[in-house]
Amino acid sequence: MLARSLLPCAALLLSACAGGGYRPVSDAVVKVGRPYQVRGVTYAPAVDPAYDMLGLASWYGSESGGRTANGERFRPGWVTAAHTTLPLPSYVEVTALDSGRRVLVRVNDRGPFTGRGRILDLSRGAAEALGARGAGVVPVRVRVVVPDERDRARLRKGKGARELPPVDERTRANLRAQLRASGL
């Protein structure tokens, strides 16, 4: 009887050790966070369900094994991204303005903190899914979305969500013109 009652405790202790100090990948705890400074710039995280921005996205991947801003292990091959102010985690639809390719991405880290007009840092996996890995920096549209549970579950496991149809050339030309008008 005593052995049975200790079994759940032993399992809990072992699971705590197995995590290596990283937070498990989950949507359960959304972190907005307090304002913070990087290189003299103040960022104020906030919930913004209407977030829809044009700008530049880059990708990063050499930080393998590091901790993301929400405590998860950074895995370069996963379809994730870093954003300066969106809640962690958040989900965004990223559209490459050159190709029209669209992907759903899970935001679980902070950044980018360099480069004028940069609004998103994609993991290597997200950059590959978007077809932007070779380009380095690409013009994008980033908008907050609420994907269905199936897509969220795939992204939490590091896999890509369902394939989205591309954006037509006329819409992309309009978005590129807006981006140029903003000075980028």
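Note that the structure is a prediction, hence the values are computed from the model and not measured.

### Structural notes on the pairing of strand 3 (residues 52–60)
As paired strands, strand 3 and strand 8 (residues 137–144) are joined by seven bridges and run antiparallel to one another. Considered in strand 8, the bridge of Gly55 is made with Val140. Sheet analysis places strand 3 next to strand 7 (residues 118–123), joined by five bridges and oriented parallel. Looking at strand 7, one finds that Tyr60 is bridged to Ser123.

### Here's the deal with unusual backbone geometry
Following Leu88, the chain continues to Pro89 via a peptide bond in cis, the omega torsion being -5°. Following Gly111, the chain continues to Pro112 via a peptide bond in cis, the omega torsion being -10°. Residue position: Pro112 is located in the loop between strand 6 (102–109) and strand 7. Positive phi, close to 50°, is recorded for Arg39, a residue that is not glycine. With respect to the helices and strands, Arg39 occurs in the loop between strand 1 (36–38) and strand 2 (41–43).

### A look at the pattern of salt bridges
Evaluation of the coordinates by the stated rule reveals 15 salt bridges. Arg118 is the partner of Asp121 in a salt bridge, and the nearest nitrogen-oxygen pair spans 3.3 Å. Each of Asp27, Glu72, Arg106, Glu149, Arg152 and Arg156 takes part in a single network of salt bridges with overlapping partners.

### Points about helix 4 (residues 169–181)
In a regular helix each residue adds 1.5 Å, so 13 residues correspond to 18 Å; helix 4 covers 18 Å between its end C-alpha atoms and thus fits that length. Residues Arg172, Leu175 and Leu179 constitute the buried set of helix 4. The arc that holds the buried residues of helix 4, viewed along the axis, is 65°, so those residues lie on one side. Exposed positions of helix 4 whose direction lies more than 90 degrees from the buried face are Arg170, Arg180 and Ala181. Contact partners of the buried residues in helix 4: strand 3, strand 5 (90–96) and strand 8. Between the side-chain oxygen at the start of helix 4 and the backbone nitrogen of Arg170 there is a gap of 3.2 Å, and the oxygen is on Asp168. Where helix 4 ends, the next residue or the one after it, Gly183, has phi of about 95°, a positive value.

### With respect to the sheet that holds strand 3
Sheet strands pair via backbone hydrogen bonds, and the direction of the pair is either parallel or antiparallel. Taken in spatial order, the six strands of this closed barrel run 3-7-4-6-5-8, and their pairing is mixed. Here the average twist between neighbouring strands, direction ignored, is 45°. Contacts from helix 3 (residues 149–156) reach strand 5 and strand 6 within the one sheet, and its direction differs from that of strand 6 by about 60°. Each of strand 3, strand 5 and strand 8 touches helix 4; the most contacted strand, strand 3, lies at about 85° to it.

### What about the nonpolar core?
Val94 and Leu122 are the most contacted members of the largest nonpolar core, which totals 29 residues. For this core, the secondary structure elements donating two or more residues are strand 5, strand 6, strand 7, helix 2 (124–130) and strand 8. Residues within four places of Val94 in sequence aside, it is in contact with Arg101, Arg102, Val103, Val105, Leu120, Leu122, Leu130, Val140, Arg141 and Val142.

### Observations concerning the confidence of the model for the chain
Averaged over every residue, the pLDDT of the chain is 87; the share at 70 or more is 86%. Below pLDDT 50 for its whole length, residues 1–18 participates in zero contacts with residues either more than four positions away or in separate chains.

### Details of helix 3
Each α-helix winds once per 3.6 residues, and so residues spaced three or four apart point in a common direction. For helix 3, the complete set of buried residues consists of Asp151, Leu155 and Arg156. Taken down its axis, helix 3 places every buried residue within 135° of arc, on the same side. Those residues of helix 3 hidden inside the fold are in contact with strand 5 and strand 6. Among the residues trailing helix 3, Gly158 stands out with phi positive, at a value near 90°.

Quick notes on the rules
Residues numbered from 1 in each chain as written. Predicted model: local features only at pLDDT ≥ 70, side-chain atom pairs only at ≥ 80, totals over all residues. Heavy atoms only, no water. Pairing = 2+ DSSP bridges. Helix = DSSP H or I, 4+ residues; strand = E, 2+ residues; numbered from the N terminus. Salt bridge = Lys/Arg side-chain N within 4 Å of Asp/Glu carboxyl O. Expected span 1.5 Å × (residues − 1). Buried < 20%, exposed > 50% of the residue type's maximum accessible area, 1.4 Å probe, protein only. Arc of directions from axis to C-beta. Contact = heavy atoms within 4.5 Å. Polar contact = N/O pair within 3.5 Å; in protein donor to acceptor, adjacent residues only side chain to side chain. Axes fitted to C-alpha atoms, helices over the stretch in contact; angles between N-to-C directions. Core = buried A, V, L, I, M, F, W, Y, C linked by side-chain atoms within 4.5 Å. pLDDT = per-residue confidence, 0-100.

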